[in-house]
Amino acid sequence: MPRFTTVALVAGAALLVRRAVRSRMSTAPLWPMPALDVPVSGYGRGSTVPRKVRVTGRTAPAEGVVELRLEGAGLPAWQPGAHVDLVLPSGLVRQYSLCGDPGDPSAYTVATRLVEDGRGGSREVHEQLHEGVEIEIRGPRNRFPLVDSPAYVFVAGGIGITPVLPMLRAAEAAGADWRLVYCGRSRATMPYLAEIEALGGDRVTVVAEDESGFPELEFLAHLPDGTAVYCCGPDGLADAVGAAMPEGRAPRLERFTAAAPTGGTAFEVELRRSGRTLTVAADQSLLSAVREELPGITYSCRQGFCGTCRQRVLEGEIDHRDELLTDAERDDSMLICVSRCAGKRLVLDL
């Protein structure tokens, strides 16, 4: 089968002329979208208050993919790259990229692929969220923002196109130079493919696995300085994009799943309001240790994405391992499910 060639991709990259982007994009941060294991019993301090939305449209932009239009009053504005939490009828929480029009204040659009061997969230979306159903959402938040750049290269894998699609529209509207490498199992499984090809023409390279195998990404090492590289997709694709970048340059990545948090050294934590001090073992999470003393503490994902377990830090140096908090929020708070102490002692406002 024919494959991507480095020569073809380098030639495509050479078309990226450094043109100033005419409109500035928000640099507000965002989280990725792993599945959460348990229903949320509370939202934690600092989390977004849920709001009601109604499913007013449902389409199938590709095989195995459902797109939902969610309408509601007073929906916050958002920028490309943002996500919302869907609080499903069962109580499970799932994160999905907004892939509609940021200029439409009346509705959000999300899309999800059915994961046959998943933990039930995508199946619940596919089987229960029909037109007329009302659900709660939280957000949006953005840790995958579209930054100003003279040129862009986007790499998307399958449903990873959802945060990238608004970026393509924004880059095109701004007159920026951009190129997309869009990968998938087959053309039939790749959502929004017709719209993207119409938008980008020869700037879009489609790599359907059943036709072309896997993309060769060596062209990323030869991009002009200043080109912003974005990738959203499975871990294998994200790792390949990162490995192809030249030394000293890194892509902006959004993965489908979080990296498992690594261990650390033991440390002491004081729960100031409770008047208790405890030791967190090297192979123990801070959340686990705190719950031994305060079993009612709320949590959900245990992966550093949802923010349910966020706590205020009064003293101590934090080893942040989450995928949610902004730099400003990290000054005095942490997600205790994955983050740890960078020193020997923390004091929490608990």
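Parameters at a glance
Residues numbered from 1 in each chain as written. Predicted model: local features only at pLDDT ≥ 70, side-chain atom pairs only at ≥ 80, totals over all residues. Heavy atoms only, no water. Buried < 20%, exposed > 50% of the residue type's maximum accessible area, 1.4 Å probe, protein only. Helix = DSSP H or I, 4+ residues; strand = E, 2+ residues; numbered from the N terminus. Pairing = 2+ DSSP bridges. Contact = heavy atoms within 4.5 Å. Axes fitted to C-alpha atoms, helices over the stretch in contact; angles between N-to-C directions. Parallel < 35°, antiparallel > 145°, perpendicular 65-115°, else oblique. Left-handed = near helix turned anticlockwise from the far one by under 90°. Core = buried A, V, L, I, M, F, W, Y, C linked by side-chain atoms within 4.5 Å. Salt bridge = Lys/Arg side-chain N within 4 Å of Asp/Glu carboxyl O.

> Lay out the pairing of strand β5 (residues 107-113) with the relevant residues and their values.
With seven of its seven residues buried, β5 lies for the most part within the structure. Sheet topology places strand β2 (residues 65-71) next to β5; seven bridges connect them, and they run antiparallel. Across the sheet, Glu71 pairs through a bridge with Ala107, a residue of β5.

> Quick rundown of the side chain of Gln284? Include the residues and the values.
Relative to the elements of secondary structure, Gln284 occurs in the loop between β13 (276-280) and α7 (286-293). Residue classification places Gln284 among the buried residues on the basis of a relative accessible area of 16%. Every residue in contact with Gln284, bar those within four places of it in the chain, is listed here: Thr279, Ala289, Glu292 and Arg340.

> Go over the packing of helix α3 (residues 161-174) against helix α4 (residues 193-200), please, and point to the residues and values.
Where α3 contacts α4, the axes come no closer than 11 Å and their chain directions differ by 25°. By the angle between their directions, the pair α3 and α4 is classed as roughly parallel. Crossing angle aside, the handedness with which α3 passes α4 is left-handed. Contact residues: Ile161, Leu165, Leu168, Arg169 and Glu172 in α3; Glu195, Ile196 and Leu199 in α4.

> Report on the sheet that holds strand β14 (residues 310-315), specifying residues and quantitative values.
Reading across from one edge, β13-β12-β18-β14-β16 is the order of the five strands in this open sheet, with mixed pairing throughout. Only two strands of the sheet have a single neighbouring strand rather than two, namely β13 and β16 (333-335). Mean inter-strand twist for the sheet, computed between neighbouring axes without regard to direction, equals 40°. Here β14 runs beside β16; their pairing, made up of three bridges, is antiparallel.

> Break down the nonpolar core for me, with residues and values.
Judged by nonpolar contacts, the single largest core of 31 residues is most densely connected at Tyr152, Phe154, Leu180, Ile196 and Tyr230. Looking at this core, the elements that each hand over two or more residues are β7 (151-157), α3, β8 (177-184), α4, β9 (204-208) and β10 (227-233). In terms of residue count, α3 provides more of this core than any other element does, seven residues in total. Once you skip the residues sitting within four places of it in the chain, Ile196 turns out to touch Ile161, Leu165, Leu168, Leu180, Tyr182, Pro191, Gly201 and Val204. One finds Leu278, Ile336, Cys337 and Leu350 within the second-largest nonpolar core, a separate group that totals 25 residues.

> Residues and numbers for the pattern of salt bridges, please.
For the structure shown, the criterion picks out 24 salt bridges. Between Glu172 and Arg203 there is a salt bridge whose closest N-O contact spans 2.9 Å. Of the two residues, Glu172 sits in helix α3 while Arg203 sits in the loop between α4 and β9, which places them 31 residues apart along the sequence. The exposure class assigned to Glu172 is partly exposed, which follows from its relative accessible area of 31%. With relative accessibility at 23%, the residue Arg203 sits in the partly exposed group. Here Arg272 ties to Glu315 by a salt bridge, and the two come within 3.3 Å at their closest N and O atoms. Separated by 43 residues along the polypeptide, Arg272 in the loop between β12 (267-271) and β13 and Glu315 in strand β14 bring together distant segments of the chain. With a relative accessible area of 35%, Arg272 lands in the partly exposed category. Looking at Glu315, the relative accessible area reads 39%, which means it is partly exposed. Here the salt bridges share partners, and the residues they tie into one network are Glu268, Glu270, Arg272, Glu315 and Arg345.

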